[in-house]
Amino acid sequence: MNADARAAIAAAASVAGVTTITPYYRQSTAAGQGWVNLARIDYPNPFGGVATWHVVIPLPADLAVSEQWLDAHAETIRAAVASEMAVRNLTPTNLVMPAGATVPALLIEGQRESE
């Protein structure tokens, strides 16, 4: 099921000393503490679906420090997550939290078969 995929992606993205990723959303803006999000499932043929997943990682609030964090860690996390999904892109973005605060974040998008 998708819960298994979520857990596998979260475990892969939780690179020791860099990030702690949970399988489901958590309301945290702590740098490096993120979650896995199911973005969509496409059904391109009668044999099954292709799920698009996001790993959402809040970054340090200081933009210069945030960019340095990306330089130091993005490739390590991408390589780790690539063991569980075909990584399509890494996108630095701004994340709007439920309370309205905006924080820098890294969005890793990839695909794998839907379970």
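Attention here is on the structure that accompanies the text. (Residues numbered from 1 in each chain as written. Predicted model: local features only at pLDDT ≥ 70, side-chain atom pairs only at ≥ 80, totals over all residues. Heavy atoms only, no water.)

**So, the nonpolar core**
Part 1 of the argument: If you look at the biggest cluster of nonpolar residues, it comprises 23 residues, and the most contacted ones within it are Val55, Ile57, Ile77 and Ile108.
Part 2 of the argument: Going through the elements one at a time, helix H1 (2-13), strand S3 (48-58), helix H2 (63-81) and strand S5 (102-113) are the ones with two or more residues in this core.
Part 3 of the argument: The element that contributes the greatest number of residues to this core is H2, accounting for 6 residues.
Part 4 of the argument: If we ignore the near neighbours within four places in the chain, the residues touching Ile57 are Thr19, Ile21, Gly32, Gly34, Trp69, Ile77, Pro104, Ala105, Leu106 and Ile108.
Part 5 of the argument: Core analysis: the next-biggest nonpolar cluster, separate from the first, contains 6 residues, Val56, Leu95, Met97 and Ala105 among them. (Core = buried A, V, L, I, M, F, W, Y, C linked by side-chain atoms within 4.5 Å. Buried < 20%, exposed > 50% of the residue type's maximum accessible area, 1.4 Å probe, protein only. Helix = DSSP H or I, 4+ residues; strand = E, 2+ residues; numbered from the N terminus. Contact = heavy atoms within 4.5 Å.)

**Quick look at the sheet that holds strand S4 (residues 86-96)**
Part 1 of the argument: What the 5 strands build is an open sheet, ordered S1-S2-S3-S5-S4; its pairing is mixed. In this open sheet, the two strands that pair with only one neighbour each are strand S1 (20-22) and S4. Geometrically, the sheet is characterised by an average inter-axis angle of 30° between neighbouring strands, direction not taken into account.
Part 2 of the argument: Here 8 bridges tie strand S2 (residues 33-45) to S3, and the two strands are oriented antiparallel to one another. When the bridges of S3 are listed, Leu38 appears paired with Trp53.
Part 3 of the argument: Each of S1, S2, S3 and S5 is contacted by H1, which is oriented at about 135° to S2, the strand it contacts most. (Pairing = 2+ DSSP bridges. Axes fitted to C-alpha atoms, helices over the stretch in contact; angles between N-to-C directions.)

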